[in-house]
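# Coordinate inspection notes
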Amino acid sequence: MAKRKKVTKKKKHSVLFILSSPSGGGKTTVRKVLVKKDRKLVYIVSHTSRPKRPKEQNRRDYVFIKKNVFQRAIRNEAFLEWALVHGHYYGTPKRELVRRLARGQDCLLDIDTKGFMKIKKLRLPCVSIFILPPSRSVLAQRLTERKTDTKDVIKKRLKNAEKEVKYSSLYNYVVINRTVAQTVRTIEQIIFTERLKYKKKDLIYGYVSSRKIS
Ligand code: 5GP
């Protein structure tokens with residue numbers, strides 16, 4: 001009879017990364033490049049009641065749902081966290097996140113500071129990164145140039161940015177977004193380092209379980 005190979009089950013630690021920045025801070029562009037370059041990083045698509053912008057695609061950028069459907073989902077505890085941002089609901093789908101983490105995949109959330117504070121309260125182990133625009137004037141310029149919002153909405157977003165920046169010190173890392181390429185490089189280094197830290201436990205476990213220690 002063929003001998004059965006003894007397989008030691010490998011432990012897997014997935015890492016949850018959180019990315020925040022004021023709207024117009026360049027986070028969406030940075031996040032898209034990061035996920036495209038890093039096949040091990042999964043972006044968890046948020047749900048929102050905000051209307052779809054012209055270039056956006058349902059299920060790729062957001063899962064766009066009606067306000068009452070979102071409210072029902074809140075009551076059914078479908079979100080890990082949710083927040084009202086600029087008058088619209090946004091939330092992280094709990095089931096999708098748990099499914100990915102359970103598979104050992106590293107996940108990336110792109111959420112606002114209120115959402116981050118909720119996750120912090122839950123004491124979920126995560127690595128948080130705040131992307132800071134180089135200055136207030138650069139932020140105002142970016143919001144105007146992207147031409148996705150009316151003047152009133154831009155005003156609201158700038159006012160909100162002031163509040164969000166105050167939370168930046170609570171994040172593990174703050175990265176100034178001067179250019180997309182530079183910001184992506186910095187965040188890739190953070191991801192690399194944090195993965196090593198999280199996987200430390202697996203490595204130690206593997207070493208200890210493979211040798212006799214006297
Ligand atoms: P936008 O409307 O510009 O796409 O996003 C507005 C803000 O909502 C951004 O700061 C974005 O990070 C945040 N946001 C997107 N998805 C979520 C989410 O699932 N939860 C929370 N709390 N904020 C989110």
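Residues numbered from 1 in each chain as written. Predicted model: local features only at pLDDT ≥ 70, side-chain atom pairs only at ≥ 80, totals over all residues.

This paragraph deals with the site of the ligand. Lining the immediate surroundings of the ligand are 14 residues, of which Ser46, Ala83, Tyr90, Ile111 and Gly115 lie closest. Looking at the shell around the ligand, the elements that each hand over two or more residues are strand E5 (79–85), strand E6 (88–93) and helix H4 (113–121). Its residues assigned to classes, the shell around the ligand shows 4 nonpolar, 5 polar and 5 charged. (Near = placed C-beta within 6 Å. Helix = DSSP H or I, 4+ residues; strand = E, 2+ residues; numbered from the N terminus. Nonpolar A, V, L, I, M, F, W, Y, C, P; charged D, E, K, R; others polar.)

Okay, the packing of helix H5 (residues 136–145) against helix H6 (residues 151–166) next. For the pair H5 and H6, the least separation of the axes is 10 Å and the interaxial angle reads 150°. Relative to H6, the element H5 is oriented roughly antiparallel. Seen from above, H5 lies across H6 with right-handed handedness. Residues Leu139, Ala140, Leu143 and Thr144 of H5 pack against Ile154, Arg157, Leu158 and Ala161 of H6. The residue inventory of the contact of H5 with H6, partitioned by class, reads 6 nonpolar, 1 polar and 1 charged. (Axes fitted to C-alpha atoms, helices over the stretch in contact; angles between N-to-C directions. Parallel < 35°, antiparallel > 145°, perpendicular 65-115°, else oblique. Left-handed = near helix turned anticlockwise from the far one by under 90°. Contact = placed C-beta atoms within 7 Å.)

What follows concerns the sheet that holds strand E7 (residues 106–110). Pairing is parallel in the open sheet, where 5 strands are placed in the order E2-E7-E1-E8-E9. On the outer flanks of this sheet lie strand E2 (41–43) and strand E9 (173–176), each paired with one strand and no other. Neighbour-to-neighbour, the strand axes of the sheet open up by a mean angle of 25°, direction not taken into account. Sheet topology note: the strand E1 (residues 16–20)/E7 ladder contains 4 bridges and is parallel. Among the inter-strand pairings, Leu16 is bridged to a residue of E7, identified as Cys107. (Pairing = 2+ DSSP bridges.)

Nothing here speaks to function; it is geometry throughout.
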